[in-house]
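# Coordinates in review
The residues making up each chain are set out below.
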Amino acid sequence: MDSPARDIARRLADNAEAVCRRYLSNGRREGRYWLVGDVHNAPGRSLYVRLVASADGRGQAGKWTDANTGEHGDLLDVIAAVSARSSMRETLDEARHFLSLPLPPPPESRAPRPRKAPAGTPEAARRLLAATQPLIGSIAGAYLGGRALTNVSICTALRFHPHCYYRPSNDDAPDIRRAWPALIAAVTDESGLVTGVHRTWLDSAGKDKAPVAYPRRAMGHLLGNGVRFGPAGPVMAAGEGIETMLSLRELAPALPLIAGLSAAHLAAIGFPAGLRRLYVARDDDPAGAGALATLAERAKPEGIEVVPLEPRLDDFNSDLRHLGRERLAAAVRVQLVAADAAQFLRE
């Protein structure tokens, strides 16, 4: 007999396009797929949901893959993410409501049973982090140096893994290597607890990213968390990418920074206690604009001022590498509140 979750997942798959139009409304249909930015309904095209089963039976309707992160799942996962449901029961109830199905009777009171940790949990991220090495003197350190990022000696969030497993995707060559050197970044919550990691696979010389289809992926619990550089304070800056935030750190090493790792996760970062002004180093694209707008909307009732930081090119690392440190510093200075520029910007 099918479990309730499997039965509802199948019913959702039978109505895959309707589910996508409801919960992934920022996407659109293209052929047999629904394309959107990510499982949290950000604008974009990296996540694709199969709307119709393939003729050979290998591709099931309702299944999705995020080409940017390598994550995959079914429409129950989409409903859980978009509706912010914290348990499977709540997710199933939301799905039943969408499908106009009756709710089940409340469960009988009984002693709670231990829950088995799913794959890709913070525990798995912590195990990977425990197997890493210091950044300085490593291939990952050389890679960052090649990106004009030199102020990384005390970045405790960054580590190096010499042989990090890479799970091939359908877009990789069949004989692609399964392990590469990798820059590992610890994702933490406001208390400093590691909730996930971000991996950037590198070539063996550290000159560029590894020649794989998706050289950047994250694992663990990312929502509300981020890669942190420096302790929280009343004035902070947040952005999408690690290299973007490290570029600002070259200019303002004492300014606390958070990398959200994607536009959707940037929009959802937690606000530390005592925060009164947040600079948002947005990427110059529609997803970056959406993240900025969402952060401003969330911050207003908390009394937090949100100030955008705009790059000249596509992001601040491009500015640092192509325009140089002095021109980047001058461009950032005029966007900061005068007191913050005096306090944080390195002369």
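Heads up: the structure comes first, above all this text.
Structure report, in brief. (Residues numbered from 1 in each chain as written. Predicted model: local features only at pLDDT ≥ 70, side-chain atom pairs only at ≥ 80, totals over all residues. Heavy atoms only, no water.)

## Here's the deal with the packing of aromatic side chains
Applying the stated criterion across every chain, the model contains 3 aromatic pairs. Taken together, a centroid distance of 5.8 Å and an interplanar angle of 80° make the contact between Tyr-33 and Tyr-48 edge-to-face. Of this pair, Tyr-33 sits in strand S2 (residues 33-36) while Tyr-48 sits in strand S3 (residues 47-50), and the two are 15 residues apart along the sequence. Judged by centre distance (5.0 Å) and plane angle (80°), the rings of Tyr-166 and Trp-201 are edge-to-face. On the criterion of sequence distance, the pair formed by Tyr-166 in the loop between strand S6 (158-165) and strand S7 (179-188) and Trp-201 in strand S8 (residues 194-201) is long-range, its members being 35 residues apart. (Phe/Tyr/Trp six-rings, centres within 6.5 Å; stacked < 30°, edge-to-face > 60°. Helix = DSSP H or I, 4+ residues; strand = E, 2+ residues; numbered from the N terminus.)

## A word on the sheet that holds strand S9 (residues 216-220)
Where strands meet in a sheet, backbone hydrogen bonds hold them as pairs that are either parallel or antiparallel. Taken in spatial order, the 4 strands make up an open sheet running S6-S7-S8-S9, and their pairing is antiparallel. Two strands close off the open sheet at either side, each with one partner strand: S6 and S9. If you compare each strand with its neighbour and ignore which way they point, the axes differ by 30° on average. The sheet contact formed by S8 and S9 spans 5 bridges and is antiparallel. Counterpart to Val-197 in the pairing with S9 is Met-219. Along the sheet, helix H6 (residues 139-146) makes contact with S6, S7 and S9, crossing S7 at roughly 80°. (Pairing = 2+ DSSP bridges. Axes fitted to C-alpha atoms, helices over the stretch in contact; angles between N-to-C directions. Contact = heavy atoms within 4.5 Å.)

## Overview of the nonpolar core
Residues Leu-144, Leu-158, Val-227, Phe-229, Ile-242 and Leu-246 are the most contacted members of the largest nonpolar core, which totals 43 residues. For this core, the element with the highest residue contribution is helix H7 (residues 242-251), accounting for 5 residues. Non-local contacts of Leu-158, meaning those with residues more than four positions away in its chain, are made with Leu-135, Leu-144, Leu-183, Ile-184, Ala-185, Phe-229, Ile-242 and Leu-246. In terms of nonpolar packing, the next biggest core, distinct from the first, is built from 23 residues, Leu-12, Ala-16, Ile-79 and Ala-95 among them. (Core = buried A, V, L, I, M, F, W, Y, C linked by side-chain atoms within 4.5 Å. Buried < 20%, exposed > 50% of the residue type's maximum accessible area, 1.4 Å probe, protein only.)

## Observations regarding helix H4 (residues 88-99)
Taking 1.5 Å of rise per residue, 12 residues should cover 16 Å, and H4 covers 16 Å from first to last C-alpha, within 8% of that figure. By the burial criterion, the buried members of H4 are Thr-91, Leu-92, Glu-94, Ala-95, Arg-96 and Leu-99. Packed against the buried residues of H4 are helix H1 (4-14), helix H2 (16-23) and helix H3 (75-83). Ser-100 sits one or two positions beyond H4 and adopts a positive phi of about 60°. (Expected span 1.5 Å × (residues − 1).)

## Some thoughts on the pairing of strand S13 (residues 277-281)
With 5 of 5 residues buried, S13 lies mostly within the body of the structure. Bridge count between strand S11 (residues 235-239) and S13: 5 bridges; the pairing is parallel. In the strand pairing of S13, Met-236 is matched with Leu-278. Here S13 pairs with strand S14 (residues 305-309) via 5 bridges, running parallel. Following the sheet pairing, Tyr-279 is matched in S14 by Val-307. The parallel pair S13 and S14 is bridged by helix H9 (residues 286-299), and the resulting crossover is right-handed. (Right-handed = clockwise from strand over helix to strand, strands pointing away.)

## A look at the side chain of Glu-243
Tracing the backbone shows Glu-243 in helix H7. On the basis of relative accessibility, which here comes to 10%, the residue Glu-243 falls in the buried class. One polar contact links Glu-243 to Tyr-143, side chain to side chain, over a distance of 2.6 Å. Of note is the side chain of Glu-243, whose polar atom sits 3.0 Å from the side chain of Arg-147. Each residue touching Glu-243, except ones within four places of it in the same chain, is listed here: Tyr-143, Arg-147, Leu-149, Lys-209, Arg-216 and Asn-317. (Polar contact = N/O pair within 3.5 Å; in protein donor to acceptor, adjacent residues only side chain to side chain.)

## Focus: the packing of H3 against H4
Where H3 contacts H4, the axes come no closer than 9 Å and their chain directions differ by 100°. When the interaxial angle is binned, H3 and H4 end up roughly perpendicular. In this structure, H3 contributes Leu-76, Ile-79, Ala-80 and Ser-83 to the contact, and H4 contributes Thr-91, Leu-92, Glu-94 and Ala-95. Taken together, the residues that form the contact of H3 with H4 break down as 5 nonpolar, 2 polar and 1 charged. (Parallel < 35°, antiparallel > 145°, perpendicular 65-115°, else oblique. Nonpolar A, V, L, I, M, F, W, Y, C, P; charged D, E, K, R; others polar.)

## Notes on the packing of H7 against helix H11 (residues 325-333)
It is the contact of H7 with H11, at a shortest axis distance of 10 Å, that shows an interaxial angle of 90°. In terms of axis orientation, H7 runs roughly perpendicular to H11. Touching Ser-247, Leu-248, Glu-250 and Leu-251 of H7 are Arg-325, Leu-328, Ala-329 and Val-332, all from H11. Grouping the amino acids of the contact of H7 with H11 by side-chain chemistry returns 5 nonpolar, 1 polar and 2 charged.

## Some remarks on the sheet that holds S3
Read across the open sheet, the 5 strands follow the order S1-S2-S3-S4-S5; overall the sheet is antiparallel. In this open sheet, the two edge strands, each paired with only one partner strand, are strand S1 (28-30) and strand S5 (72-73). Strand contacts of H2: S1, S2 and S3, with the helix running at about 15° to S2, the strand carrying the most contacts.

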